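# Close look at the chain arrangement
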Amino acid sequence: MQASINIRPGDLSQYADLRAEVRSFLADYARQHGKHDWIASWMGHSPQFSKALGERGWIGMTWPKKYGGAERTFLERYVVMEELLASGAPVAAHWIGDRQSGPLLLNVGTEAQRQKYLPGITRGETFFSIGMSEPGSGSDLAAARTKAEKTSDGWVINGQKIWTSNAHNNHYAIVFCRTSPLNEKKRHEGFSQFIVDLKSEGLETRPIENIAGEHHFNEVFFKDVVVADDCLVGEAGNGWNQVTSELAFERSGPERFLSNYALTAKLTDAMQGVDSDLARQEIGRMAAHYWTLRKMSSGVAKAISEGDPPNLEAALVKDLGTIFEQEIADTTRKLVHSSDIRSDEFFDLMQSYTVMHAPSFTLRGGTNEVLRGIIARGMGLR
Amino acid sequence: MSDAGKIFSESLARVFTDYDDTHKISSGRTLAWSETLWKSVNELGLPLLMIDDAKGGAGGSTGDLFDVLAIAGRHGVPLPMTETVVGAWLASIHGLTLPAGPVTLGIGSDMANLTAKRSANSLIVSGTLSKIPWGRTSECVITLVDEQLVVVNNTGHAVKEHNNLADEPSDTIELVDCEISEPSFAQAQMSTDSILRIAALGRAAQMCGAMHAVLELTMQYVSDREQFGRPLKKFQAIQHYLAKMYCEVVAASTATRGALELPDAWEAEFECAAAIVRTREAASAIAALSHQCHGAIGFTAEYQLGRLTKRLWAWRDEYGDESEWRDALGRLVLSDAETSLWQRLTDRSG
Ligand SMILES: Cc1cc2nc3c(=O)[nH]c(=O)nc-3n(C[C@H](O)[C@H](O)[C@H](O)COP(=O)(O)OP(=O)(O)OC[C@H]3O[C@@H](n4cnc5c(N)ncnc54)[C@H](O)[C@@H]3O)c2cc1C
């Protein structure tokens with residue numbers, strides 16, 4: 001096996017000032033606006049919060065200044081992201097644009113597209129959704145059937161997407177479409193990606209209520225939705241390669257083990273001074289996992305900053321990280337029930353939130369079974 | 001890692017590979033102490049690895065331990081590797097002279113239970129050294145008593161031979177009014193906990209090497225072995241087990257290397273314990289998965305998997321058992337309301 005058994009962590013110690021700035025920004029914001037919605041973390045959609053963050057220059061931080069970016073490093077971006085996640089701040093509105101739609105446009109978009117969309121993303125005003133999954137196409141993304149047909153002055157899209165997070169709140173979606181007929185021998189060919197305005201005529205968004213009773217994701221129907229030529233992202237027919245590198249960005253961040261860190265913070269605060277074997281054992285194990293995952297995850301950011309697309313490493317961290325964060329729900333439950341700690345309404349709410357959301361951790365962004373397939377391929381087993 | 005670490009690990013890899021080849025290592029049984037192998041390792045200058053240039057050493061630091069000890073773990077070398085490097089380093093820091101030959105450590109509450117009396121220029125030490133790795137084949141044991149770092153010469157004491165479950169010596173040595181003269185003891189410049197951290201991380205690095213070897217062996221096995229007309233590696237369940245194993249090896253190695261590479265690693269209470277706990281958890285997972293992938297052959301004394309998995313099982317509980325380390329880490333997090341877990345995670349964010 002050629003692959004290395006080490007991930008070299010990124011050195012984050014040089015950014016202590018930035019970390020302090022983010023912490024004080026978050027404290028100020030929470031003082032002004034309250035923290036009642038700081039449970040959902042990167043599922044929490046708050047245009048107001050995103051705008052405030054954009055004003056600080058903390059969205060699209062690594063992008064060129066001419067598109068509104070700050071030309072900072074991926075490790076600086078990492079520091080900002082992890083501080084936001086650790087606090088539980090509602091970052092969903094800008095998260096997708098910052099993490100994947102923006103970088104996609106930077107990589108393969110036209111100059112005009114970059115100028116049109118990127119500055120709005122960095123200001124925390126323009127929000128993107130991901131239009132990949134369909135009723136018949138989940139893990140098997142190449143089974144997507146939504147199709148876009150070329151017309152004289154653009155493209156016409158017909159079909160259906162599903163599980164589209166925040167389609168009802170966001171401005172655009174990057175929609176993965178079939179643009180040439182399926183060739184069974186080359187299933188991955190003939191796809192293209194389009195920027196679609198979610199208010200387009202012929203586009204209908206219907207809510208799907210999730211298990212926690214929230215309206216987070218949607219069905220999105222396309223009936224003769226017309227998009228202009230300049231909405232095609234990258235090359236027609238190259239959609240599969242593009243979407244694969246977009247997925248690597250989608251999978252690479254610290255949100256894959258910090259989704260519910262706000263609960264962990266609450267728990268470890270509430271447990272202070274509790275003197276039981278179980279508490280020490282569980283909290284000790286938790287600390288060991290967080291510390292290790294963070295080392296690995298900062299290593300992924302470092303690899304990205306060095307221009308290495310870390311597909312394999314990102315899959316490793318996401319597999320380990322999501323299983324670990326899934327366990328937090330149960331660890332918390334065990335500890336709360338076995339010790340006589342102060343609970344409050346917010347803590348109770350966070351716990352039930354995490355219990356209900358935990359199943360999604362190992363599904364969204366590519367299931368852990370799919371990730372293990374990627375790892376096995378990286379190991380030379382497939 | 002410094003050049004010293006790189007040069008040592010490369011030379012050691014050659015020595016170990018030659019040794020494996022000449023001894024046709026293919027059995028599951030642990031190898032006995034090998035004087036020849038010890039000589040080659042000693043001639044390479046292994047004990048010098050972490051000793052200052054100024055004192056004639058190689059000038060390496062704890063950051064160099066990972067590669068050197070992982071190589072040893074990967075080859076299942078029957079020598080006190082961690083003990084030799086860490087022992088020589090401790091002796092050098094404290095200006096103590098060591099007898100020529102292998103050294104071992106008796107550090108930690110489960111290992112050393114000693115009392116000392118002071119006389120003019122010597123210490124009179126009594127008590128029990130237990131679970132001493134490679135005790136019977138070592139020239140001396142380095143231990144701590146009354147805040148003194150002490151080199152106990154190994155001759156003339158009653159040694160009760162025990163083995164850990166990997167058949168490696170883990171002996172008990174009874175000291176009765178054993179006189180230690182200067183310069184074989186000195187005021188300890190590090191706490192027991194600090195020394196224990198480095199010893200346990202050294203063991204963890206050996207575990208990472210052993211886990212790597214288990215993974216490679218398992219990869220080979222599932223490529224060669226066929227059932228239902230195809231190699232095992234074609235079955236998705238097997239692929240997923242191997243992916244899981246890979247995740248665990250990378251987690252453990254990243255953690256252990258990360259902790260060892262911190263400046264003054266022995267002071268890093270939180271980080272060292274985190275790496276030690278994570279590595280031990282990985283060892284259990286990897287041993288279990290590798291046996292599942294191997295079927296019955298892996299469960300035989302003859303096949304070489306056992307040589308590695310037995311070490312993993314044994315090493316999980318050396319230099320502090322797994323639950324002690326978890327407990328210590330949990331205690332640290334829960335004992336100081338002023339410092340949040342997040343602060344601890346991000347404080348020394350190397
Ligand atoms: C909260 C949430 C938000 C989401 N947001 C979005 C979004 O914004 N945009 C978007 O496009 N999608 C989104 N998704 C969809 C997500 O990407 C899919 O759920 C995921 O890709 C899995 O597809 P599926 O749900 O159809 O499950 P399936 O693919 O049907 O899988 C069901 C089970 O079968 C397993 N399985 C499938 N194929 C294999 C195989 N080859 N080998 C082994 N096991 C296999 C899976 O691992 C899983 O355990 C979201 C999902 C969730 C839960």
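Residues numbered from 1 in each chain as written. Chains lettered and ligands numbered in written order. Predicted model: local features only at pLDDT ≥ 70, side-chain atom pairs only at ≥ 80, totals over all residues. Heavy atoms only, no water.

### Thoughts on the overall build of chain A
- Within chain A, the secondary structure is distributed over 12 helices and eight strands.
- The principal-axis extent of the C-alpha atoms belonging to chain A is close to 70 × 50 × 40 Å.
- Burial statistics for chain A: of 382 residues in total, 58% are counted as buried.
- Long-range pairs, those at least 24 residues apart, make up 76% of the contacts in chain A with a sequence separation of at least 6.
- Carbon and sulfur atoms form 50% of the exposed surface of chain A, whose accessible area is close to 15500 Å².
- Between the averaged position of the 42 positive side-chain charges in chain A and that of its 48 negative side-chain charges there is a distance of 3 Å. (Helix = DSSP H or I, 4+ residues; strand = E, 2+ residues; numbered from the N terminus. Buried < 20%, exposed > 50% of the residue type's maximum accessible area, 1.4 Å probe, protein only. Contact = heavy atoms within 4.5 Å. Areas by Shrake-Rupley, 256 points an atom, 1.4 Å probe, with all protein chains shown as cover. Lys, Arg positive; Asp, Glu negative; His and termini not counted. Charge placed at Lys NZ, Arg CZ, Asp CG, Glu CD.)

### Some points on the overall build of chain B
- On a plain count of helices and strands, chain B comes out with 10 helices and 10 strands.
- The C-alpha atoms of chain B give a radius of gyration of 21 Å, which matches the 20 Å a tight globule of 350 residues would have.
- By principal-axis analysis of the C-alpha atoms, chain B measures approximately 75 × 55 × 35 Å.
- Counting contacts in chain B only where the partners sit at least 6 residues apart, residues at least 24 apart contribute 74% of the total.
- Computing the positive centroid from 30 side-chain charges and the negative centroid from 45, chain B places the two 8 Å apart. (Rg over C-alpha atoms; globule rule 2.2 N^0.38 Å.)

### A few points about the environment of Lys295(A)
- Inspection of the secondary structure puts Lys295(A) in helix H9 (residues 277-305).
- Residues Lys295(A) and Leu12(A), 283 residues apart in the sequence, show an inter-C-alpha distance of 9.9 Å.

### Quick word on the interface of chain B and chain A
- Chain B puts 51 residues into the contact, and the matching count from chain A is 55 residues.
- At the boundary of chain B with chain A, total buried surface from both sides reaches about 4700 Å², with 64% on carbon and sulfur atoms.
- Its largest share of buried area at the contact with chain A, chain B owes to Tyr246(B), Leu334(B) and Trp342(B), together 18% of the area lost on that side.
- A salt bridge links Glu261(B) to Arg8(A), with the nearest nitrogen and oxygen atoms 2.9 Å apart.
- Run the count over chain B and chain A and you get 18 residue pairs in polar contact (both at pLDDT 80 or more).
- Of all elements in the fold, only helix H5 (192-224), helix H6 (236-260), helix H7 (269-294), helix H9 (322-334) and helix H10 (341-347) of chain B reach the threshold of two or more residues within the side of chain B that touches chain A. (Buried area = accessible area lost by both parts, 1.4 Å probe. Salt bridge = Lys/Arg side-chain N within 4 Å of Asp/Glu carboxyl O. Polar contact = N/O pair within 3.5 Å; in protein donor to acceptor, adjacent residues only side chain to side chain.)

### Focus: the domain arrangement of chain A
Residue and element names in this part refer to chain A.
- What the domain assignment lists for chain A is domain 1 (13-126), domain 2 (130-237) and domain 3 (253-378).
- Between the C-alpha centres of domain 2 and domain 3 there is a distance of 31 Å.
- Between domain 2 and domain 3, the residue contacts involve five residues of the former and five residues of the latter.
- Taken together, the connections running from domain 2 to domain 3 amount to zero salt bridges.
- The tally of links between domain 2 and domain 3 comes to one residue pair in polar contact (both at pLDDT 80 or more).
- For the side of domain 2 that touches domain 3, the per-class residue count stands at two nonpolar, two polar and one charged. (Domains from an automatic or database assignment. Nonpolar A, V, L, I, M, F, W, Y, C, P; charged D, E, K, R; others polar.)

### Here we look at the nonpolar core
- Ranked by internal contacts, the top residues of the largest apolar core, which has 205 residues, are Phe49(A), Tyr290(A), Phe16(B) and Met81(B).
- The element best represented in this core is H5(B), accounting for 18 residues.
- Dropping the residues within four chain positions of it, Tyr290(A) is found in contact with Phe257(A), Leu258(A), Asn260(A), Tyr261(A), Thr264(A), Phe324(A), Ile328(A), Leu341(B) and Leu345(B).
- If you look at the next biggest cluster of nonpolar residues, it comprises 17 residues, including Val175(A), Phe194(A), Leu198(A) and Cys231(A). (Core = buried A, V, L, I, M, F, W, Y, C linked by side-chain atoms within 4.5 Å.)

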